[in-house]
Amino acid sequence: MIKPLYGLMAEFDNPTALVAAARAAREKGYRKLDAYTPFPIEELTDALDLHHNKLPLIVLLGGIIGGICGYMLQYYVTVIYFPINIAGRPLHSWPSYIIITFETTILFAALSAVLGLLALCGLPMPYHPTFNVPRFVLASRNRFFLCIQSRDPLFDRARTVEFLETLEPREVSEVAP
Amino acid sequence: MANGPNVHLPKKDIAPGYTFGTVTDQIASVVLTRRTPIFWFVSFGAGLVLLMFFLLAVGLLFAKGVGIWGLRTPVMWGFAITNFVWWIGIGHAGTLISAILLLLNQQWRNSINRFAEAMTLFAVACAGMFPILHLGRPWLAYWLFPYPNTMGVQPNFRSPLVWDVFAVSTYATVSAMFWFVGLMPDLATLRDRTHNRFARFAYGIAAMGWRGSARHWSIYETASLLLAGLATPLVLSVHTVVSFDFTIAIVPGWHTTFLPPYFVAGAIYSGFAMVLALAIPLRKVYGLEGLITDRHLDNSAKVMLATGLIVAYAYILETFAAWYGGNAYEAAMVWHRMTGPYRVAYWSLISCNILAPQALWFKKVRSQPALLFISAIVVLVGMWLERYVIIVSSLAQDFLPSSWSIFQATRWDWLTYVGTIGLFLFLFFLFIRLLPMISIFEVRTLLPAAKVEEEES
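Residues numbered from 1 in each chain as written. Chains lettered and ligands numbered in written order. Predicted model: local features only at pLDDT ≥ 70, side-chain atom pairs only at ≥ 80, totals over all residues.

1. Some details on the overall build of chain A
Right, so step 1: Along chain A, the regular secondary structure elements total five helices and four strands.
Right, so step 2: The order of α-helices and β-strands along chain A, N terminus first, is β-α-β-α-α-α-β-α-β.
Right, so step 3: In terms of C-alpha radius of gyration, chain A reaches 25 Å, well past the compact-globule figure of 16 Å for 177 residues.
Right, so step 4: Principal axes of the C-alpha set define a box for chain A whose edges measure 80 × 40 × 30 Å.
Right, so step 5: The 177 residues of chain A split such that 41% are buried.
Right, so step 6: Contacts spanning at least 24 positions in sequence make up 81% of the contacts within chain A whose residues lie at least 6 apart. (Helix = DSSP H or I, 4+ residues; strand = E, 2+ residues; numbered from the N terminus. Rg over C-alpha atoms; globule rule 2.2 N^0.38 Å. Buried ≥ 20, exposed ≤ 12 C-beta atoms within 10 Å, placed from the backbone. Contact = placed C-beta atoms within 7 Å.)

2. As for the overall build of chain B
Right, so step 1: On a plain count of helices and strands, chain B comes out with 15 helices and zero strands.
Right, so step 2: By the compact-globule yardstick of 23 Å for 457 residues, chain B fits well, its C-alpha radius of gyration being 24 Å.
Right, so step 3: Residues classed as buried in chain B amount to 50% of the 457 residues present.
Right, so step 4: Across chain B, every contact between residues at least 6 apart in sequence was considered, and the portion connecting residues at least 24 apart equals 82%.

3. Brief notes about unusual backbone geometry
Right, so step 1: Residue P124 of chain A is reached from L123 of chain A by a cis peptide bond, and omega for that bond is -5 degrees.
Right, so step 2: Looking at the secondary structure, you find P124 of chain A in the loop between α4 (98-121) and β3 (144-149).
Right, so step 3: Here T73 of chain B and P74 of chain B are connected by a cis peptide whose omega angle stands at 5 degrees.
Right, so step 4: With respect to the element layout, P74 of chain B can be found in the loop between α2 (38-64) and α3 (78-103).
Right, so step 5: With a phi close to 60 degrees, N105 of chain B is a non-glycine residue in the positive phi region.
Right, so step 6: The exposure class of N105 of chain B is exposed, given the 7 C-beta atoms found within 10 Å.

4. Focus on the environment of N299 of chain B
Right, so step 1: Take N299 of chain B: it is sitting in helix α9 (residues 294-324).
Right, so step 2: Sequence separation between N299 of chain B and W361 of chain B is 62 residues; the distance between their C-alpha atoms is 12 Å.

5. A word on the packing of α4 of chain A against helix α7 (residues 214-247) of chain B
Right, so step 1: At a minimum axis separation of 10 Å, α4 of chain A and α7 of chain B run at an interaxial angle of 165 degrees. In terms of axis orientation, α4 of chain A runs roughly antiparallel to α7 of chain B. In this structure, the crossing between α4 of chain A and α7 of chain B has a hand that is left-handed. The residues of α7 of chain B that touch α4 of chain A, namely those facing I99, F102, I106, A109, A110, A113, L117, L120 and C121 of chain A, are H216, I219, Y220, A223, L226, L227, L230, L234, S237 and V241 of chain B.
Right, so step 2: The residue makeup of the contact of α4 of chain A with α7 of chain B, split by class, is 17 nonpolar, two polar and no charged. (Axes fitted to C-alpha atoms, helices over the stretch in contact; angles between N-to-C directions. Parallel < 35°, antiparallel > 145°, perpendicular 65-115°, else oblique. Left-handed = near helix turned anticlockwise from the far one by under 90°. Nonpolar A, V, L, I, M, F, W, Y, C, P; charged D, E, K, R; others polar.)

6. Looking at the sheet that holds strand β4 (residues 171-175) of chain A
All names here are of chain A.
Right, so step 1: Across the sheet, which stays open at both edges, the four strands sit in the order β2-β3-β1-β4 with antiparallel pairing between neighbours. In this open sheet, the two edge strands, each paired with only one partner strand, are β2 (33-36) and β4. Averaged over all adjacent pairs, the angle separating strand axes in this sheet is 20 degrees, with direction ignored.
Right, so step 2: With six bridges joining them, strand β1 (residues 7-12) and β3 adopt antiparallel strand pairing. From the neighbouring strand, G7 faces β3, where its bridge partner is Q149.
Right, so step 3: Packing of helix α5 (residues 157-166) onto the sheet brings it into contact with β1, β3 and β4, and relative to β1 it is tilted by some 10 degrees. (Pairing = 2+ DSSP bridges.)

7. What about the interface of chain A and chain B?
Right, so step 1: Opposite the 58 residues of chain A that make contact, chain B presents 51 residues.
Right, so step 2: Looking at the side of chain A that touches chain B, the elements that each hand over two or more residues are α1 (15-28), β2, α2 (42-47), α3 (55-81) and α4 of chain A.
Right, so step 3: Here the element with the most residues in the side of chain A that touches chain B is α4 of chain A; it accounts for 14 residues.
Right, so step 4: Partitioning the side of chain A that touches chain B into residue classes produces 39 nonpolar, 14 polar and five charged.

8. Re the nonpolar core
Right, so step 1: Among the nonpolar cores identified, the biggest contains 190 residues, and A22 and L146 of chain A are the most heavily contacted of them.
Right, so step 2: Element by element, the count of residues in this core is highest for helix α8 (residues 259-285) of chain B, at 17 residues.
Right, so step 3: Domain assignment of the residues forming this core places at least three in each of domain 1 (7-51 + 129-175) and domain 2 (55-121) of chain A.
Right, so step 4: Not counting residues within four places of it along the chain, the set of residues in contact with L146 of chain A comprises M9, A10, F12, L18, A21, A22, A25, L33 and A35 of chain A. (Core = buried A, V, L, I, M, F, W, Y, C linked by C-beta atoms within 7 Å. Domains from an automatic or database assignment.)

9. Side note on the pairing of β2 of chain A
Residue and element names in this part refer to chain A.
Right, so step 1: The side-chain alternation of β2 yields two buried faces, one formed by L33 and A35 and the other by D34 and Y36.
Right, so step 2: Here β2 runs beside β3; their pairing, made up of four bridges, is antiparallel. Note that in β3 the partner of A35 across the bridge is L146.

10. What to know about α1 of chain A
All names here are of chain A.
Right, so step 1: If you check α1, its first and last C-alpha atoms are 20 Å apart, about what 14 residues at 1.5 Å a residue would give, namely 20 Å.
Right, so step 2: Residues of α1 that are buried sit in contact with β1, β2, α2 and β3.
Right, so step 3: Once α1 ends, the next one or two residues include G29, with phi positive near 110 degrees. (Expected span 1.5 Å × (residues − 1).)

11. What about the environment of F53 of chain B?
Residues and elements named next belong to chain B.
Right, so step 1: If you trace the backbone, F53 turns up in helix α2.
Right, so step 2: You can call F53 partly exposed: it has 17 C-beta atoms within 10 Å.
Right, so step 3: In this structure, the C-alpha to C-alpha distance between F53 and G419, residues 366 residues apart in sequence, is 5.7 Å.
Right, so step 4: Here F53 is in contact with L415, V418, G419 and G422, once residues within four sequence places are set aside.

12. Observations concerning α7 of chain B
Right, so step 1: Helix length check: α7 of chain B (34 residues) gives 49 Å between terminal C-alpha atoms against 50 Å at 1.5 Å per residue, within 8%.
Right, so step 2: Within α7 of chain B, 25 of the 34 residues are buried, which leaves it mostly tucked inside the rest of the structure.

13. Comments concerning the packing of helix α4 (residues 113-133) of chain B against helix α5 (residues 160-193) of chain B
Residues and elements named next belong to chain B.
Right, so step 1: Remark: α4 packs on α5, axes separated minimally by 10 Å, with the N-to-C direction vectors making an angle of 150 degrees. When the axis of α4 is compared with that of α5, the two are roughly antiparallel. Handedness of the crossing formed by α4 with α5: left-handed. Here R114, E117, A118, T120, L121, V124 and G128 of α4 lie close against α5, whose contacting residues are V168, Y171, A172, S175, A176, F178, W179 and G182.
Right, so step 2: Its residues assigned to classes, the contact of α4 with α5 shows nine nonpolar, four polar and two charged.

14. Brief notes about the confidence of the model for chain B
For residues with low pLDDT, the predicted coordinates do not support detailed interpretation.
All names here are of chain B.
Right, so step 1: Per-residue confidence for chain B gives a mean pLDDT of 88; residues scoring 70 or more make up 96%.
Right, so step 2: The model gives residues 1-10 a pLDDT under 50, and that stretch makes five contacts with residues more than four places away or in other chains.
Right, so step 3: Model confidence for the complex is summarised by a pTM of 0.90, with the ipTM given as 0.91. (pLDDT = per-residue confidence, 0-100.)

Next up, the structure:
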């Protein structure tokens, strides 16, 4: 049995060609596409309409939780668990809690930024169909790839190849699943 | 949008003539293919030898206790805390370059941020060693953290020393994560470039399957901006909290409000000195003058000059405040520093930190890598002396003349200090050998070809 393709991939020389191709594919109606580039390209984010992600919200929540945990930890320890009179200060001496609260806020926010990044990207993912394309190793060097996935409703092996060829790529390859 | 001729020519962050391919190959070849230069073996070997001295000194310390150092009442902080403050200050430049300059959109940072961040990590590792070794029973260092224990005791959250534990460990963790996130795309490049099966496997695991998807890049860019935004207040806070170790106490010479900004400026000062001291030999040996250009050296020297002037201002203010404040102990402290047993150290630090760097006003000096290297070393020595004078001279002669005593560093003090320089060199050159020392993907964005040309529609 032949497994269905993951998609079709076109290879470009420069970012301008790739962004133009991505726009053309969006205009044609393709939605399940992704591009692969050796560095972030802002215009591509526009072209593929990828501007919204949940990461800022995750980081905000992480920071808030971190701040609350840091403060509550100090409150619990100094007021409830291990109350100790130091120079007659009140047990709940909040000004001295500020620094550790700040540090835990940053720590939790940064942890959620990194873990959130990995989670939203679905990483770590050691295997991905795109790695089956031999020339794809150049995606981390100097080539720019556009991939139209087979789960796109408009995807048709012959017609999509034909469409990609009109974008004047260096090469169009099939991506094995 | 019309693409007019030379609408905006960017300033030269890297030399002309590079392409995506050559940039990638040049930086990756340091790790992957090129033969390791003698310079690497010499530096790594020197680091390894000094690291052995460190292990010897620490082994003896574990066996005999902190008495092997020159710590005697009243100077109980001595070299250990001097080295701690010095090392952690050096780390600051890396975070400044990677976070603050990213937010300020200073693109010249792209080719020096990676190794500066590595420098941060290793400097913090060296720094963190000292307070732990200084504990007396270093194997109980985990007592510093609040955890449920059978003794029923907890750290005192009103103490700046406990704040320091949180500040430094958060700083180390966040720096390491920021560094790793920056490395991911470059690890993927190494994975794709190497011909060695083991290396491909190792870099592949570390790269976490990064494939440069546009979807990922957009989240990635958000993540780096957010991390930079978080690291910026963090880096300014770390040395502030370190300075609280001093300012919260009432020792003359420590108990002042200007210490936090002064410490932060001094940290960035010594950090950029270390960046220059590392960048100048590295770019020479590995032929990276096209990527770490004279502009980078020039800018770093200017940052050094600016922060050096802030530090100079702080010295002047310190003296002025001691006179104008009318506190007899403060005035005596300044007088002791200038004329007392530590006067040699004091005047050396003034020469190293204030007088010598004035040469950086001249473009001729800033464009001479050899001179810059020398001035960076001078600043590093000066900043070490500064921390030494602040800590030791204040403790040696405080309120009661009957309790005064002069600090004498022992050979184990010196070996431990020099040993951490060894640890730093060892880790740093290991990094140079195994990971790309310049951020490949960020340098690619600097190339003219990286700009998307908009067609007029």
